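Observations on the three-dimensional arrangement
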Amino acid sequence: MALALWRREWRLALRRRSDVLGVPVFFALVASLLPLALGPAPALLERLGPGLAWVAALLAAMLSLQQLFASDHRDGTLDLLLLAPQSLPLLVLVKALAHWTTSGLLLTGVAPLLALQFGLSLPVTGVLCLSLLIGTPLLSLIGAVGAALTVGLRGAGTLVTLLVLPLCVPVLVFGAGAAEAVQAGLDPTAHLSVLGALLLLGLAGCPWAAAQALRIANE
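These figures come from a predicted structure and were not determined experimentally.

What counts and what doesn't
Residues numbered from 1 in each chain as written. Predicted model: local features only at pLDDT ≥ 70, side-chain atom pairs only at ≥ 80, totals over all residues. Heavy atoms only, no water. Helix = DSSP H or I, 4+ residues; strand = E, 2+ residues; numbered from the N terminus. Rg over C-alpha atoms; globule rule 2.2 N^0.38 Å. Buried < 20%, exposed > 50% of the residue type's maximum accessible area, 1.4 Å probe, protein only. Areas by Shrake-Rupley, 256 points an atom, 1.4 Å probe, with all protein chains shown as cover. Lys, Arg positive; Asp, Glu negative; His and termini not counted. Charge placed at Lys NZ, Arg CZ, Asp CG, Glu CD. UniProt positions renumbered as here; feature names shortened; annotations may be inferred. Core = buried A, V, L, I, M, F, W, Y, C linked by side-chain atoms within 4.5 Å. Contact = heavy atoms within 4.5 Å. Expected span 1.5 Å × (residues − 1). Arc of directions from axis to C-beta. Polar contact = N/O pair within 3.5 Å; in protein donor to acceptor, adjacent residues only side chain to side chain. Axes fitted to C-alpha atoms, helices over the stretch in contact; angles between N-to-C directions. Parallel < 35°, antiparallel > 145°, perpendicular 65-115°, else oblique. Left-handed = near helix turned anticlockwise from the far one by under 90°. Nonpolar A, V, L, I, M, F, W, Y, C, P; charged D, E, K, R; others polar. Bend = angle between axes of the 7 residues up to and from the residue. Patch = residues over 30% accessible without salt bridge, like charges linked within 9 Å, V, L, I, M, F, W, Y side chains within 5 Å. Salt bridge = Lys/Arg side-chain N within 4 Å of Asp/Glu carboxyl O.

Right, let's talk about the overall build of the chain for a bit. A tally of regular secondary structure across the chain gives 11 helices and zero strands. The C-alpha atoms of the chain give 18 Å as radius of gyration, which agrees with the globular expectation for 219 residues (17 Å, within 12%). Principal-axis analysis of the C-alpha atoms places the extent of the chain at approximately 55 × 35 × 30 Å. Here the chain holds 219 residues, and the buried ones make up 47% of them. For the chain, the exposed surface amounts to about 10,500 Å²; the carbon and sulfur share of it is 71%. Distance from the positive charge centre (11 side chains) to the negative charge centre (9 side chains) of the chain: 10 Å.

Our next topic: the UniProt feature "transmembrane region" (unreviewed entry) in the chain. Listed under "transmembrane region" (unreviewed entry) in the UniProt record, and renumbered for this structure, are residues 20-39, 51-69, 81-100, 120-149, 156-178 and 190-211. Helix makes up 80% of residues 81-100 and strand makes up 0%, while its end C-alpha atoms are separated by 20 Å. Helix makes up 100% of residues 190-211 and strand makes up 0%, while its end C-alpha atoms are separated by 32 Å.

Turning our eyes to something else, we now look at the nonpolar core. Counting residues in each nonpolar core, the largest one holds 63 residues, and the members touching the most others are Phe69, Val92 and Leu214. If you tally residues by element for this core, the top one is helix α8 (residues 122-149), at 14 residues. Once residues lying within four places of it in the same chain are set aside, the contact partners of Val92 are Phe69, Ala144, Pro207, Ala210, Ala211 and Leu214.

Moving on, we get to helix α1 (residues 2-15). Think of an α-helix as 3.6 residues a turn; residues three or four steps apart then line up on the same face. Relative to the 20 Å expected for 14 residues at 1.5 Å per residue, α1 spans 20 Å between its end C-alpha atoms, a close match to the ideal helical length. Those residues of α1 not exposed but buried are Leu5, Arg8, Glu9, Leu12 and Ala13. All buried residues of α1 lie within an arc of 135° about the axis, which places them on one face of the element.

As a further point, take the side chain of Thr102. Assignment of secondary structure puts Thr102 in the loop between α6 (88-101) and α7 (104-117). The class of Thr102 is buried, set by a relative accessible area of 14%. Of note is the side chain of Thr102, whose polar atom sits 3.1 Å from the backbone oxygen of His99. Residues in contact with Thr102, not counting those within four places in the same chain, are Trp10, Ala13 and Val20.

We now examine the packing of helix α3 (residues 42-61) against α8. With their axes 11 Å apart at the nearest point, α3 and α8 run at an angle of 25° to one another. Of the possible angle classes, the one that applies to α3 and α8 is roughly parallel. In terms of crossing hand, the pair formed by α3 and α8 is right-handed. Contacts between α3 and α8 pair Pro50, Ala53, Trp54, Ala57, Leu58 and Ala61 from the former with Val124, Leu128, Ser131, Leu132, Gly135, Thr136 and Leu139 from the latter. The residue makeup of the contact of α3 with α8, split by class, is 10 nonpolar, three polar and no charged.

In this model α7 runs 20 Å from its N-terminal to its C-terminal C-alpha over 14 residues, within 8% of the 20 Å that 1.5 Å per residue would give. In the structure, α7 departs most strongly from a straight axis at Ala111, where the bend amounts to approximately 40° and where the proline Pro112 lies between one and four residues downstream. All buried positions along α7 are accounted for by Gly104, Leu107, Thr108, Ala111, Leu114 and Ala115. Note on α7: the residue one or two positions beyond its end, Gly119, has a positive phi of about 70°.

Attention now goes to a nonpolar patch on the surface. On the surface, a nonpolar cluster with roughly 290 Å² of combined accessible area is contributed by Leu21, Val25 and Leu29. Position of Leu21 among the secondary structure elements: in helix α2 (residues 17-38). Looking at Leu21, the relative accessible area reads 53%, which means it is exposed.

Okay, structure coming up:
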């Protein structure tokens, strides 16, 4: 069941190529506009680059969260998932990971190209990409909880953003902090370790919380 759901999510993503490609394109646009607003000072762009990249990644990840369960709610697939004999938190986890592969993983792949315009060094770029690789799955997991809480509601897109953004602040702080630590000549291991610990907590708790929210929304 989980494998079939994974394949279904990928087939739907391939049919909605504009939505999938919109995430990295939006990420690139936001990351490109911010330097224009800050000015051409190379030292300033290099210092603020990791934080700006993470802010752009967080905003880009919000784009597709609304559709995580909304389309399933409209066509009745959500009812089948709730009635399935398999564990609902496991199915939610599959959907969240499928969302990550079509959003966060793409953002991680685009990040090295955007780091060039901020003038980031190779070590800083490497740690930035590693922090995105660890942190973006957590954004999808937290987003799954927000999407489950607002499924079937009017204005769900705005509500998801308002619910999810405050919860993603620790991910933003430690993700950007890892690259900034390298810039300062410090070891980024502590920041990456906290990110990894948050990811483990998200894997353990977010699918269960999203599953309970879906059951409540269906009642």
